[in-house]
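The chain contents come next:
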Amino acid sequence: MTQPPDGPDFSLADVAREGLIERPGAEPASHDGTGRVDLAFTVAGRAEDGADLPPTQRGVRVPPGVTVFDAASWNGIAIDSTCGGHGTCHKCKVRVTSPVELPVTRHDARTFTEAQLAEGWRLGCLVQATRDLAVDVPPLTTRPKAATVGIGRQVILRPAVQKRYVELEEPTLADQRTDLARLTDAIDDLEVTADVHALRRLGTVLRQSDFKVTAVVVDEDLVDVEPGDTTATRYAIAFDLGTTTVVGTLLDVGTGTPLAVASTLNRQQPFGGDVITRISATMMDDQALDRLREAAGATLAELATRVCREAGIEPTQVYEVAVAGNATMTSLVLGIDPEPLGVAPFVMPVAQPPTVLAADIGLDLHPRARAFFFPALGAYVGGDIVAGMLATGMDRDKRVRLFIDVGTNCEIVLSDGDRIVSTAAPAGPAFEGGAIRCGMRAADGAVEVVKVDPHAGSDEPAVTLGVIGDVEAKGLCGSGLVDAVAELVRVGLLDGTGRLVSDEAAKEIAPALADRLARIGEERVFILHRPTPDAETVECVYLSQRDVRELQFAKAAISTGWSLLLEELGLEHRDVQQVLLAGSFGSYLSPASAVRIGLVPTLPVLRIVAAGNVAGEGAKMALLSIRERAGALALLEEVTYVELSDRPDFNDAFVEQLAFGR
């Protein structure tokens, strides 16, 4: 692959003069915020000695409008950057090899020659994926000293894990300083207290390595002494401990580079799909808390093993982990009784959990590796949301921004640039395919995109489905559910109250779709996919009237939440300048469909941003910067929690939000 020359770096004066550019750059007119696009990455490799390695292939699927840089970052594909994806550092160079016409921003023009632009070279943070693209990613030309995480956030590396290599003079009768004093005198830039593990090893390691050792310090604790120079190997793992899915990312904290990422289902699933059922399990069975703790620990341990194996490092070289989870998941992994979280008045055992040894939560890493837990704002606005707020800079941006983490329990945060308020809304399991007749998780065979054409001809498909894995449709996941309802609302087969129209009305409104309306018993359904032409309705993938009601209640709970937060700050819907949809579901939710059903305020789709796994991004930030970790703790004082169930106007507001927008 042809390598571009290094582009000019902007000074702070340049940035101040021109301003940070608002992602994205030019926007193709065809973008309407629906569907999915496939990105095929070819990632060039480079060994530590500078030798080229065979390229690797990686395909990802993302919502339209996501930048190439974000798409890569969410999926563990490293693209060099230091500015947080604002187009100012000119380092995220990629080459789009698809035969498409790409806009050239002023930053692209300053970075590449005309010949390189003609070859498809662009800045990855300014290329929007509005169609399928093939993208070449060059190897990192430098080992960055800053890591970009989250949306528009820049982190200056200052990790808690530090290493110092020293060559000490051996003791003599004239110099009888203790081994510890000899070591600490040599690393006088750090004030350390020796851990007992380090003291047990200190004398032996010093003498076996000719007094040439590396001191390992976490925060202010000397946790180990290693023979020789090991300063190049210091790693940490960031965990997003979700109720359903757990994600682990291995980081080189010396460079800020993510080395491997893996995800898996939470092994607590047999105890229930949501936090309430898991809390209930501990209330009904004295042994359940221990089993839930062990299941959470086994999940984290599995991911730690996988990412270390993928990166080719020893688990004993991992010195710290950060865990971002909701209040219930945090309590369970620590073995703290969660019962007070599940009954009124919903009291947390502690807002800021203590830092513990990673071994205490089931991880077999360095013997003295630490586990940091994010603080929680309330029983249902936990550490994962604090991590997401940290990653997205909710406390730094002066715009009116709405943060929504869509799930069984939906957390909502609103900032007007000065004040921040938050709440939680019980959305139920509909967005994860639960309580839906044909519902399933987002796996192969799940319908994730639905498009309908009420005027399709006899040779044209009236219903077009996007199915995960490009296999035959087996069921409907959350994003497909939202798409299906939004499309039927758009064409008029669902009225504003959420009722499927009569057969007679359907024939007039959408004749090409009318034959898809059927009944299963007394319930009306809309058929999305027939496996065979003569298949019975119950054998099809369909949307039922009950499914529509489930989604209505879920979206009404969420929209009531953000509506009441807007009232709390004296704002109206049109004042919102950006909506951040967080979490796995939010990343794959169609912005156009979310607007149509009223899940989010009625805004142009380009103001609605798929924020990705921001909880995981916040966990990375906490590992890479003790300053950012302090910022997470400061959010406890800056954010006001609003309890919806305590609002006398909640029920009336909820009823008002049940109707679908048109």
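Source: prediction; values computed, not measured.

Conventions we followed
- Residues numbered from 1 in each chain as written.
- Predicted model: local features only at pLDDT ≥ 70, side-chain atom pairs only at ≥ 80, totals over all residues.
- Heavy atoms only, no water.
- Helix = DSSP H or I, 4+ residues; strand = E, 2+ residues; numbered from the N terminus.
- Contact = heavy atoms within 4.5 Å.
- Areas by Shrake-Rupley, 256 points an atom, 1.4 Å probe, with all protein chains shown as cover.
- Pairing = 2+ DSSP bridges.
- Axes fitted to C-alpha atoms, helices over the stretch in contact; angles between N-to-C directions.
- Core = buried A, V, L, I, M, F, W, Y, C linked by side-chain atoms within 4.5 Å.
- Buried < 20%, exposed > 50% of the residue type's maximum accessible area, 1.4 Å probe, protein only.
- Salt bridge = Lys/Arg side-chain N within 4 Å of Asp/Glu carboxyl O.
- Polar contact = N/O pair within 3.5 Å; in protein donor to acceptor, adjacent residues only side chain to side chain.
- Patch = residues over 30% accessible without salt bridge, like charges linked within 9 Å, V, L, I, M, F, W, Y side chains within 5 Å.
- Expected span 1.5 Å × (residues − 1).
- Bend = angle between axes of the 7 residues up to and from the residue.

Caption draft 1: How the structure looks around the overall build of the protein chain. In terms of regular secondary structure, the protein chain is built from 19 helices and 29 strands. Long-range pairs, those at least 24 residues apart, make up 68% of the contacts in the protein chain between residues at least 6 apart in sequence. Summed over its atoms, the accessible surface of the protein chain is roughly 27400 Å², and 50% of this surface lies on carbon and sulfur atoms.

Caption draft 2: Seen up close, the sheet that holds strand S22 (residues 463-467). The strand order across the open sheet built from 3 strands is S22-S21-S23, with neighbouring strands paired in mixed fashion. Because the sheet does not close on itself, it has two edges, and the strands there are S22 and strand S23 (475-476). Of the strand pairs in this sheet, strand S21 (residues 446-452) and S22 are connected by 5 bridges, and their pairing is antiparallel. Note on S22: the bridge partner recorded for Val447 is Val467. Contacts from helix H12 (residues 478-491) reach S21 and S23, with the element oriented near 15 degrees to S21.

Caption draft 3: Broad picture of the nonpolar core. Counting 81 residues, the largest nonpolar core has Ile404, Phe431, Val485 and Ile558 as its most contacted members. Filtering out sequence-adjacent residues up to four positions away, Ile404 remains in contact with Cys410, Glu411, Ile412, Ile558, Trp562, Val579, Leu580, Leu581, Ala582 and Val600. In this structure, Ala238, Leu251, Ala376 and Met394 belong to the second largest nonpolar core, which totals 80 residues.

Caption draft 4: Representation of the pattern of salt bridges in the model. For the structure shown, the criterion picks out 33 salt bridges. Between Arg368 and Asp195 there is a salt bridge, with its nearest N and O atoms 3.1 Å apart. Residue Arg368 is located in the loop between strand S16 (356-357) and strand S17 (370-373), and its partner Asp195 is located in the loop between strand S9 (193-194) and helix H6 (196-208); the two are separated by 173 residues in the primary sequence. Using a relative accessible area of 21% as the deciding quantity, one classes Arg368 as partly exposed.

Caption draft 5: Quick look at the environment of Tyr319. Looking at the secondary structure, you find Tyr319 in strand S15 (residues 318-325). With a relative accessible area of 2%, Tyr319 lands in the buried category. A sequence separation of 50 residues divides Tyr319 from Ala369, and the C-alpha atoms of the two residues are 4.3 Å apart. Ignoring any residue separated from it by four or fewer positions in sequence, one finds Tyr319 in contact with Val161, Lys163, Val216, Val218, Glu226, Thr233, Arg234, Tyr235, His366, Arg368, Ala369 and Arg370. One polar contact links Tyr319 to Glu226, side chain to side chain, over a distance of 2.5 Å.

Caption draft 6: Inspection of the pairing of S15 at higher detail. With 8 of 8 residues buried, S15 is to be regarded as a mostly interior element. Pairing between strand S12 (residues 235-241) and S15: 7 bridges, direction parallel. Following the sheet pairing, Ala236 is matched in S15 by Glu320. Strand direction decides the pairing type here: S15 and S17, joined by 4 bridges, are parallel. Bridging from a neighbouring strand, Ala322 pairs with Phe372 of S17.

Caption draft 7: Expanded view of a nonpolar patch on the surface. On the surface, Met283, Met284 and Val343 cluster together into a nonpolar patch covering about 310 Å² of accessible area. Along the chain, the position of Val343 falls in the loop between helix H10 (339-342) and S16.

Caption draft 8: H6, seen in detail. Taking 1.5 Å per residue as the helical rise, H6 with its 13 residues ought to reach 18 Å, and the 19 Å between its terminal C-alpha atoms agrees with that figure. Approximately 45 degrees is the largest bend angle found in H6, and it occurs at Leu202. Here H6 has its buried residues at His197, Ala198, Leu202, Val205 and Leu206. Two or three places before His197, at the start of H6, stands the capping residue Asp195, its side-chain oxygen 2.7 Å from that residue's backbone nitrogen. Of the residues flanking the end of H6, it is Asp210, one or two places downstream, whose phi is positive at about 55 degrees.

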